[in-house]
Number of protein chains: 2
Amino acid sequence: MRAHLHGEQYGLSAQMVEMTRLVGSAIARATTALLEADLDLSQTVIAADEQIDALHLELEEQALIMLSQQRPLSTDLRTIVTSLRMGTDLERMGDLARHVAKLARMRYPNPAVPLELRPMILRMGQIAEGMVAKTGSVIATRDLRLATELETDDDDMDALHRDVFAALLDRSWQGSVETAVDVTLCGRYYERFADHAVSVAHRVIFLVTGERSRPDHDPTLQV
Amino acid sequence: MRAHLHGEQYGLSAQMVEMTRLVGSAIARATTALLEADLDLSQTVIAADEQIDALHLELEEQALIMLSQQRPLSTDLRTIVTSLRMGTDLERMGDLARHVAKLARMRYPNPAVPLELRPMILRMGQIAEGMVAKTGSVIATRDLRLATELETDDDDMDALHRDVFAALLDRSWQGSVETAVDVTLCGRYYERFADHAVSVAHRVIFLVTGERSRPDHDPTLQV
């Protein structure tokens, strides 16, 4: 029975790792769609979010079945409940990738991000992509060093987010209000994406050490 | 034992209702702080978010204790797991109120919202405040009619959110990029606040009917 339960917990982990793979593909394509004004690519991201949502639903149902049929205790219980929460974070990361893709679609055939801000947004996209890949590894291996690295990545993301605001608010910036709105939104999406990756890392740290990290921080407005 | 469990579930509900009360107070004060550029008021919202976070942590711990000590089945299990999720929504609503307050603080002594956009933002704040009060009632009473009303309120919020974008992007609008950034962010905060209220409503509907509503929708970019 215990061995059976552990097998099923492994199943939950595998499902979450698969979610990170899909989310990673989504955010990578969304960033390219955004920067290249690629309508078809943006559509693929928007359509693929359903798959992520479906996996999330499966994960939830599987976890609830495990809770009710196996009546797990202590560590097992904590693992299953925490998986439910991590699933929610991953599902939300998928939504945020979809939002980036929608921004690309909305402004097509124009690029939503002007030339001078592209390097920053590209870097945000790369960090996001790296973070979700790392999140998958953290779920699979429970490597705490890697989990801690995600906090450093998030600091890099926050710094870039501040840089984006600074660029928008620089007196020499000549862009339109529309561009300012678009860039503000997509900056926010990437920054929240990173926060959810850190949230998953904190949950894994909690599972391994029993210690709660700081709650989801969201230091957006340190402009 | 069952009666005991039901008593404790009532305790979870009461804690969530208390969270809605604190979140309601926070969003009301945050809106006033934002529109009146009231620094002291914004500080009270930022400080009070710790209380909401603490209540959320208590709720989580209580739910985990119930899961492990009482080993609930079927409906009871679903109620406890769903409470965990509702708690996360409410905690996030508190964060969003704090973000609105931080925006007010960041621009002090200037108002972050220009005169011509104040009526729309005020209305968003009022809808948000009404929604969280209704959310408390839905949790306490499981009134499905009220839960459905929250969807209509959310439609109103989304419409206002679109109006805000339309106002910013109107060619005749004379505001600065800084204002566009600020208003984009606070519009997004109110809109997400409403989404989380709807998410709680859907979870209550799920508890009562066993039916899942549409997943968290987030139709932000229907500008």
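Residues numbered from 1 in each chain as written. Chains lettered and ligands numbered in written order. Predicted model: local features only at pLDDT ≥ 70, side-chain atom pairs only at ≥ 80, totals over all residues. Heavy atoms only, no water.

Enquirer: Even after reading the chapter, I still don't get the overall build of chain A, so can you show me in this structure?
Expert: Counting its secondary structure elements, chain A contains six helices and zero strands. The order of α-helices and β-strands along chain A, N terminus first, is α-α-α-α-α-α. Its C-alpha atoms give chain A a radius of gyration of 19 Å, within 12% of the compact-globule value 17 Å for 223 residues. Projected onto its principal axes, the C-alpha coordinates of chain A cover approximately 65 × 35 × 20 Å. Contacts spanning at least 24 positions in sequence make up 83% of the contacts within chain A whose residues lie at least 6 apart. For chain A, the computed accessible surface area is about 8,800 Å², with 52% contributed by carbon and sulfur atoms. Where the 23 positive side-chain charges of chain A centre and where its 34 negative ones centre are 3 Å apart. (Helix = DSSP H or I, 4+ residues; strand = E, 2+ residues; numbered from the N terminus. Rg over C-alpha atoms; globule rule 2.2 N^0.38 Å. Contact = heavy atoms within 4.5 Å. Areas by Shrake-Rupley, 256 points an atom, 1.4 Å probe, with all protein chains shown as cover. Lys, Arg positive; Asp, Glu negative; His and termini not counted. Charge placed at Lys NZ, Arg CZ, Asp CG, Glu CD.)

Enquirer: I tried to follow the relation of the copies chain A and chain B on my own but got confused; where do I start?
Expert: One chain copy maps onto the other through a rotation about an axis and a shift parallel to that axis. The transformation that overlays chain A on chain B combines an axial shift of 0.0 Å with a rotation of 180°, and the residual RMSD is 0.0 Å. Expressed as an axis order, the relation between the two copies is that of a two-fold axis. A symmetric contact is evident, with 98% of the interface residues of chain A recurring at the interface of chain B. (Least-squares fit on C-alpha atoms with pLDDT ≥ 70 in both.)

Enquirer: Mind showing me how you'd approach the state of the cysteines here?
Expert: Think of a disulfide as a covalent bridge from one cysteine sulfur atom to another cysteine sulfur atom. If you walk through the whole model with that rule in mind, you get zero disulfides over all chains. Between Cys186 of chain A, a free cysteine, and Cys186 of chain B, which holds the nearest cysteine sulfur, the sulfur-to-sulfur gap is 18 Å. Judged by relative accessible area, Cys186 of chain A falls into the buried class, the value being 0%. (Disulfide = S-S within 2.5 Å. Buried < 20%, exposed > 50% of the residue type's maximum accessible area, 1.4 Å probe, protein only.)

Enquirer: Sorry if this is basic, but what is going on with the interface of chain A and chain B here?
Expert: It is common to give the size of an interface as the accessible area lost on bringing the parts into contact. With 40 residues of chain A at the contact, the number on the chain B side is 39 residues. Along the contact surface separating chain A from chain B lie two salt bridges. The closest approach of N and O atoms between Arg85 of chain A and Glu60 of chain B, which form a salt bridge, is 2.7 Å. For the pair chain A and chain B, the interface holds five residue pairs in polar contact (both at pLDDT 80 or more). Elements that contribute at least two residues to the side of chain A that touches chain B include exactly helix 2 (39-70), helix 3 (74-107), helix 5 (144-169) and helix 6 (177-209) of chain A. For the side of chain A that touches chain B, a count of residues per class yields 20 nonpolar, seven polar and 13 charged. (Salt bridge = Lys/Arg side-chain N within 4 Å of Asp/Glu carboxyl O. Polar contact = N/O pair within 3.5 Å; in protein donor to acceptor, adjacent residues only side chain to side chain. Nonpolar A, V, L, I, M, F, W, Y, C, P; charged D, E, K, R; others polar.)

Enquirer: Mind showing me how you'd approach the environment of His4 of chain A here?
Expert: Residue and element names in this part refer to chain A. For His4, the position within the fold is in helix 1 (residues 2-36). Taking the relative accessible area as the measure of exposure, His4 reaches 44% and is therefore partly exposed. Sequence-wise, His4 and Leu39 are 35 residues apart; in three dimensions their C-alpha atoms are separated by 46 Å.

Enquirer: Is there a simple way to explain the packing of aromatic side chains in this structure?
Expert: Two descriptors summarise a pair of aromatic rings, namely the distance from one centre to the other and the angle between the planes of the rings. Applying the stated criterion to the full structure yields zero aromatic pairs over all chains. Seen from the ring of Phe206 of chain A, Arg78 of chain A lies directly overhead, with NZ or CZ sitting 5.0 Å from the centre. (Phe/Tyr/Trp six-rings, centres within 6.5 Å; stacked < 30°, edge-to-face > 60°. Lys NZ or Arg CZ within 6 Å of the ring centre and 35° of its normal.)

Enquirer: Please clarify how the pattern of salt bridges should be interpreted in this entry.
Expert: Note on pairing: side chains with opposite charge can pair once their charged atoms come close. Residues and elements named next belong to chain A. In total, this model carries 30 salt bridges over all chains according to the counting rule given. A salt bridge links Arg21 to Glu18; its shortest N-O distance comes to 3.0 Å. Separated by three residues within a single helix, Arg21 and Glu18 lie in helix 1, roughly one turn from each other. If you follow the salt bridges from partner to partner, you end up with Lys134, Asp143, Arg145, Glu149 and Asp153 in one network.

Enquirer: How should helix 2 (residues 39-70) of chain B be read in this particular structure?
Expert: For the α-helix, the turn length of 3.6 residues means that residues three or four positions removed from each other point alike. Spanning 32 residues, helix 2 of chain B covers 47 Å between terminal C-alpha atoms, matching the ideal 46 Å at 1.5 Å per step. Backbone geometry just after helix 2 of chain B places Arg71 of chain B at a positive phi near 45°. (Expected span 1.5 Å × (residues − 1).)

Enquirer: Help me understand the environment of Ser68 of chain B in this model?
Expert: Structurally, Ser68 of chain B is set in helix 2. Spatially, the C-alpha atoms of Ser68 of chain B and Pro109 of chain B are 51 Å apart, while their sequence positions differ by 41 residues. Apart from residues no more than four positions distant in its own chain, Ser68 of chain B is found in contact with Leu73 and Leu77 of chain A.

Enquirer: When you look at the packing of helix 4 (residues 118-141) of chain A against helix 6 of chain A in this model, what are you seeing that I'm missing?
Expert: The relative placement of two packed helices is expressed as an angle between their axes plus a distance between the axes. Residue and element names in this part refer to chain A. The N-to-C vectors of helix 4 and helix 6 enclose an angle of 20°; their axes lie 10 Å apart at closest approach. Between helix 4 and helix 6, the angle is such that the two are roughly parallel. In this structure, helix 4 crosses over helix 6, and the sense of that crossing is left-handed. Within the contact between the two elements, helix 4 uses Ile121, Met124, Gly125, Ala128, Met131, Val132, Thr135, Val138 and Ile139 and helix 6 uses Val183, Cys186, Gly187, Tyr190, Phe193, Ala194, Ala197, Val198, Val200 and Val204. Counted by class, the contact of helix 4 with helix 6 contains 16 nonpolar, three polar and no charged residues. (Axes fitted to C-alpha atoms, helices over the stretch in contact; angles between N-to-C directions. Parallel < 35°, antiparallel > 145°, perpendicular 65-115°, else oblique. Left-handed = near helix turned anticlockwise from the far one by under 90°.)

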